[in-house]
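# What the coordinates show
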Amino acid sequence: MKILILGRTEYLFDTAELLSKHHEVCGIITASASPEYSKNENDFKELAFKLGSHYYFTNTIDDKVKELIKSLKPDICISLNWKSVLNDDFISLFPHGILNGHFGDLPSYRGNAVINWAILNNEKQIAITIHQMAAGEIDSGNVWKKMYMPLEINTTIADITNFCRKNTQQLFLEVVNSIEKGEAVSTPQSDMQQKPFRCYPRLPEYSKIVWSKSAAEIHAMVRASTKPYSGAYSYIKVNGDIKKIFIWKTSVESVSSDDIGEPGHIISNDSKTGYSKVLTGNGVLIIKEAQYENNDVFLPGKVWKSIRMHFGIDIEEEIINLYKIINKK
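This structure is a prediction, so every number in the text was calculated from the model and none was measured.

## What to know about the packing of helix α1 (residues 10–20) against helix α2 (residues 41–51)
For the pair α1 and α2, the least separation of the axes is 11 Å and the interaxial angle reads 5°. Our classification of the angle between α1 and α2 gives roughly parallel. Between α1 and α2, the residues in contact are L12, F13, A16, E17 and S20 and D43, F44, L47, K50 and L51, respectively. Residue composition of the contact of α1 with α2, by class: 6 nonpolar, 1 polar and 3 charged.

Structure (structure tokens):
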């Protein structure tokens, strides 16, 4: 098969490498990488040079791109995380259409940040789905193949991305091989039992911890926001200074507590384990790894000594303090 690669991420990079060993990768079209990607446009450019493939960088599909496709005459396109919805005048350039890789259990979890939302929604599993791209629509084409990963109480976004990186390339290869042999069978999403719905993007500010939520909910937020993403965060006052703090690793000690205190209050610091415990709106959360902005990751129980500390700041108090400072000048 003569294949065109379209999109971004290390998952697509690995897929292009594997496909090139079994088929002809005639071209690679990529766009600006997001900060969390481990492979960017320069990596794709080097790969294209290595494979002797045509390379093109663009953030939009325009007439120049379409003319390039016509000149290359690929049989099929492999896509992952392209920046925009593709229309029929582009998809129709490929005799076998476009195969898209999606990290959601289609027809559920269409759209953006689906693996993050799956953790936050306490799903029991997540799927890598290879499906046919439908013109002008998001993640709605026929499904070719799925692979599932169970989600446990401590599964993090990093665990899921590792699973996806390990298996996505092989799924693409299996589908391409079966299409080439005429053995592939796809299933319309309308024939599946799941309820279709779309997920929308998660912005970094959505990962601010609300301590009045339960320990389980906050733990899910941390797991859904940890590296390679920007991290769940809060604010804490240390020696009179307000610091932004990222929480990278947690666990749930209890889902309820008879102790009395305000949500976000630090109730224990263990210098041996390095763990600190925090009261939440329902239950106790254990913080295992934290990081002040622009500083190194640390074990909070080895750093914090007092239980007269809490997460979050009193906005009214800080405005009054700022007012006093301004009026002294």
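## Thoughts on the side chain of H131
Relative to the helices and strands, H131 is located in strand β7 (residues 125–132). Discounting residues that sit within four places of it in the chain, H131 has contacts with I98, L99, N100, H102, L106, D139, S140, G141, N142, V143 and W144.

## A look at the layout of surface pockets
Each pocket or cavity is described by its volume, and for the largest pocket that value is around 1300 Å³. Around the largest pocket sit 48 residues that line it, and Y37, N81, G111, N112 and A113 are the ones nearest its centre. For the lining of the largest pocket, the secondary structure elements donating two or more residues are α1, β4 (76–80), β5 (98–102), α5 (114–120), α6 (157–181) and α7 (215–225). At 4 residues, α6 tops the list of elements feeding residues into the lining of the largest pocket. The computed volume of the second largest pocket comes to approximately 250 Å³. L120, A216, E217, I218 and A220 are the residues nearest the centre of the second largest pocket, which is lined by 17 residues in total. Elements with a contribution of two residues or more to the lining of the second largest pocket: α5 and α7. With 7 residues, α7 is the single largest residue contributor to the lining of the second largest pocket. Per-class residue counts for the lining of the second largest pocket are 10 nonpolar, 3 polar and 4 charged.

## Focus on the pattern of salt bridges
If you walk through the whole model with that rule in mind, you get 7 salt bridges. For D14, the salt bridge is made with R165, and the minimal N-O distance between the two is 2.6 Å. Of this pair, D14 sits in helix α1 while R165 sits in helix α6, placing them 151 residues apart in sequence. Judged by relative accessible area, D14 falls into the buried class, the value being 11%. For R165, a relative accessible area of 29% gives the class partly exposed.

Analysis parameters
- Residues numbered from 1 in each chain as written.
- Predicted model: local features only at pLDDT ≥ 70, side-chain atom pairs only at ≥ 80, totals over all residues.
- Heavy atoms only, no water.
- Axes fitted to C-alpha atoms, helices over the stretch in contact; angles between N-to-C directions.
- Helix = DSSP H or I, 4+ residues; strand = E, 2+ residues; numbered from the N terminus.
- Parallel < 35°, antiparallel > 145°, perpendicular 65-115°, else oblique.
- Contact = heavy atoms within 4.5 Å.
- Nonpolar A, V, L, I, M, F, W, Y, C, P; charged D, E, K, R; others polar.
- 1 Å grid on protein atoms, 1.4 Å probe; cavity = no way out; pocket = protein on both sides within 12 Å on 5 of 7 lines; lining within 4 Å.
- Points joined across faces, edges and corners; volume = space filled by probe spheres on them.
- Salt bridge = Lys/Arg side-chain N within 4 Å of Asp/Glu carboxyl O.
- Buried < 20%, exposed > 50% of the residue type's maximum accessible area, 1.4 Å probe, protein only.

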